[in-house]
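# Commentary on secondary and tertiary structure
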Amino acid sequence: MSGGSVSTTYLELSQDDGTAHKFYEVTVDALVVTVRYGRIGASGQTQVTAFPSADKARAAAAKKVGEKVRKGYAPAVPGQRAPRAVTRRQVTSAPSTARAVAPVLWRFGTGSAAFGIHVDDEHCWVGNQAGDVYTLGHDGQVLARFNLPDGVKCLVADDFWIYAGCDDGKVYDLSSKLPFAAYDIAADVDIFWLDIHEGVLDVSDRDGKLTVIDHEDEHQWSRRSQGEHAWMVRADDRAVYHGHQRGVTAYAPDGGGELWHTPTRGGVLFGWQEDDTVYAGTAHRVVQRLSKASGAIEATYACDSAVYACATSPGGRFVFAGDAASSVYCFDQDGTRLWKLGTGGGSALSMQYRDERLYLVTTDGSLVCVDASEAAVSAAQQGTVPVARDVKLAEALPTYAPATTASAVTAVAQAPTGSIVVQCVQDSGRLRVHVVSEGYDSSWNVQFPRAIREPGARYVVDALHPAAGGFYRVRGDIRRLL
């Protein structure tokens, strides 16, 4: 507590099993209540609310503190408890030795080092270490911006849901205007990479551990692989593929055990998958293609420096790689190198191919669109490349941040025509969300933001989609029903 008319209450919740590692601070200054919260050691997020009188401000603050204490928070001293471990990927980027530069169509600078990328039918997504996620059209037009509380580790897609793995230990669903924390990863996990398949989250970490969490944010199982620094995790119906310093290990999706382990030529720095194969980019200058069925190495794609990223065209017809020397490669599926070109601006840390274009996120924090058509590459090899367009941010760019309380969600008096109503219910001691509207299985849970759940509260959503695990996912905006 501080003197005068200003008082501050600081609380922390840090459990021994690592499932929570966060703080909550409430400051009352006359008529204004400021709430700051987040993971321990971070600056967190801040909410400021003004009240008509000092008494009402103090009462509101006391209510907020009381709610947190009932949830297990306790008074603490800021700075005494160590913050969550966060590893920023340390990379070097040398100039390219390629004679020609790739045919870059456009380039967008995010303003901070970036690793996350996803490209779908409509948009390009890029996330950076400042916690910014931008969506762009395929033509490079910047459409929207999401502000997350901490650095973005990676972007992954599960059907048409987009998720951002964040250094605050949460995984945010970005599929609607209102991003929300869909998963909360234990504080003792130093997250390196993520994948999501049918609502099941797979987390690989610094210690070489694989952690699997279901759609209800409940821990399912974990395994420690033979090597540390696990920068690769990919999943499908048959297995979870875990890449680390000692190679790639495949585990049964239900946690039943190891299916196979294959040593790779160098520690794994990145992974990609197709229907029947996985691709591991390694520190020893190669991409290796492994059979999902047996783990056998089927092909090796040789680069000239450590491979930071790799991707393929559909079915693995072409294999692409980005190395630590600012070069990008294309190989035939059998391993024959077809071309090597300079990126024109840093090494590619993540990449994705789509419709004869190769999208790169580079060490200087840029999202780069390369024309990977045969004609464009041939012209580039002869020294003819287009003038890359430098994409700028729009002045009035829509910006969205996660809602952290129910009151932060738009409220409506009645459900619009065609919308769906869900309700928070107590179920075996947990607050879950079930569908109230007709035509849905009322026993199924809805994957729904925990931060805005209130007992008995009803919400309106645009659409629900069933997932293979027997639950519903929200599609579109969420509103609170008065």
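Right above here is the structure, for reference.
## Here we look at the pattern of salt bridges
On inspection of all chains with the given rule, the structure shows 19 salt bridges. Its salt-bridge partner being glutamate 25, residue arginine 36 comes within 3.1 Å of it at the nearest N-O pair. With arginine 36 in strand β3 (residues 32-39) and glutamate 25 in strand β2 (residues 21-29), this pair connects stretches of sequence that are 11 residues apart. Classification of arginine 36 by relative accessible area gives partly exposed; the value is 23%.

## Examining the layout of surface pockets
Reported here for the second largest pocket is a volume of approximately 790 Å³. Lining the second largest pocket are 30 residues, and of these His118, Ala157, Arg234, Trp272 and Gln273 lie nearest its centre. For the lining of the second largest pocket, the elements supplying multiple residues, two or more each, are β7 (114-119), β11 (152-158), β15 (191-197), β19 (232-235), β23 (268-273) and β31 (348-354). Across the lining of the second largest pocket, the residue classes break down as 13 nonpolar, 6 polar and 11 charged.

## What about unusual backbone geometry?
Positive phi values are uncommon outside glycine, yet arginine 285 reaches one of about 70°. Note that arginine 285 resides in the loop between β24 (277-282) and β25 (286-291). For arginine 285, a relative accessible area of 38% corresponds to the partly exposed category. For serine 326, which is not a glycine, the phi torsion comes out positive at approximately 60°. Assignment of secondary structure puts serine 326 in the loop between β28 (318-323) and β29 (327-332). The class of serine 326 is buried, set by a relative accessible area of 7%.

## Here we look at the sheet that holds strand β9 (residues 132-136)
As summarised here, the arrangement of the 5 strands in space is β7-β8-β9-β10-β35, forming an open sheet in which the pairing is mixed. With one partner strand each, in any of the chains shown, β7 and β35 (399-400) form the two edges of the open sheet. As judged from the 4 bridges shared by strand β8 (residues 124-128) and β9, these two strands associate in the antiparallel manner. Bridging from a neighbouring strand, tryptophan 125 pairs with threonine 135 of β9.

## Looking at empty space enclosed by the protein
In this approach, a probe sized like a water molecule rolls over the atoms, and the result shows the empty space that is left. The tally for this structure, following the rule as stated, stands at 2 cavities of 30 Å³ or more. One number sums up the size of the second largest cavity: a volume of about 30 Å³. If you trace the second largest cavity, you find it lined by Ala182, His215, Glu216, Asp217, Gln447, Phe448, Arg450 and Arg453. Residues that form the lining of the second largest cavity fall into these classes: 2 nonpolar, 2 polar and 4 charged.

## Observations concerning the pairing of strand β22 (residues 258-262)
Pairing between strand β21 (residues 247-251) and β22: 4 bridges, direction antiparallel. Directly across from valine 248, in β22, lies its bridge partner threonine 262. With antiparallel pairing between neighbouring strands as the criterion, β21 and β22 make up a hairpin whose turn holds 6 residues, including glycine 255 at a positive phi of roughly 80°.

## Comments concerning the packing of aromatic side chains
Tallied over the full model, the rule gives 20 aromatic pairs. With a centroid separation of 6.0 Å and an interplanar angle of 10°, the aromatic rings of tyrosine 329 and phenylalanine 331 are classed as stacked. Judged by relative accessible area, tyrosine 329 falls into the buried class, the value being 0%. Taken together through their ring pairs, the aromatic side chains of Tyr279, Tyr301, Tyr329 and Phe331 make up a single cluster. The ring of phenylalanine 318 carries the charged tip of arginine 317 above its face, separated from the ring centre by 4.5 Å. For the cation-ring pair, arginine 473 lies above tryptophan 161, with the distance from its terminal atom to the ring centre recorded as 4.7 Å.

## Remarks on the pairing of strand β18 (residues 219-224)
Where strand β17 (residues 209-213) meets β18, 5 bridges bridge the pair, whose relative direction is antiparallel. Residue leucine 210 lies in a different strand from β18, and its bridge partner there is arginine 223. What sits between β17 and β18 in their antiparallel hairpin is a turn of 5 residues, with aspartate 217 showing a positive phi close to 65°.

## Thoughts on the nonpolar core
In this structure, Phe448 and Ile478 are the most contacted members of the largest nonpolar core, which totals 85 residues. Each residue touching isoleucine 478, except ones within four places of it in the same chain, is listed here: Leu178, Phe180, Val409, Phe448, Pro449, Ile452, Tyr459, Val460 and Val461.

## A look at the side chain of histidine 118
Examined against the element boundaries, histidine 118 turns out to sit in strand β7. When its relative accessible area of 13% is taken as the criterion, histidine 118 is described as buried. Non-local contacts of histidine 118, meaning those with residues more than four positions away in its chain, are made with His123, Cys124, Trp125, Leu155, Ala157, Ile162 and Gln352.

## Notes on the sheet that holds strand β12 (residues 161-166)
Two modes of strand pairing occur in sheets, parallel and antiparallel, and in both the strands are linked by backbone hydrogen bonds. Here we have 4 strands laid out as an open sheet, ordered β11-β12-β13-β14, and antiparallel in their pairing. The open sheet has two edge strands with one neighbour each: β11 and β14 (180-184). In this sheet, neighbouring strand axes are inclined to one another by 30° on average, regardless of whether the strands run parallel or antiparallel.

## Description of the environment of phenylalanine 192
For phenylalanine 192, the position within the fold is in strand β15. Placed 97 residues apart in sequence, phenylalanine 192 and arginine 289 show a C-alpha to C-alpha distance of 22 Å. Excluding residues within four positions of it along the chain, phenylalanine 192 makes contact with Thr87, Lys153, Ser204, Asp205, Arg206, His229, Ala230 and Trp231.

Calculation rules
- Residues numbered from 1 in each chain as written.
- Predicted model: local features only at pLDDT ≥ 70, side-chain atom pairs only at ≥ 80, totals over all residues.
- Heavy atoms only, no water.
- Salt bridge = Lys/Arg side-chain N within 4 Å of Asp/Glu carboxyl O.
- Helix = DSSP H or I, 4+ residues; strand = E, 2+ residues; numbered from the N terminus.
- Buried < 20%, exposed > 50% of the residue type's maximum accessible area, 1.4 Å probe, protein only.
- 1 Å grid on protein atoms, 1.4 Å probe; cavity = no way out; pocket = protein on both sides within 12 Å on 5 of 7 lines; lining within 4 Å.
- Points joined across faces, edges and corners; volume = space filled by probe spheres on them.
- Nonpolar A, V, L, I, M, F, W, Y, C, P; charged D, E, K, R; others polar.
- Pairing = 2+ DSSP bridges.
- Phe/Tyr/Trp six-rings, centres within 6.5 Å; stacked < 30°, edge-to-face > 60°.
- Lys NZ or Arg CZ within 6 Å of the ring centre and 35° of its normal.
- Core = buried A, V, L, I, M, F, W, Y, C linked by side-chain atoms within 4.5 Å.
- Contact = heavy atoms within 4.5 Å.
- Axes fitted to C-alpha atoms, helices over the stretch in contact; angles between N-to-C directions.

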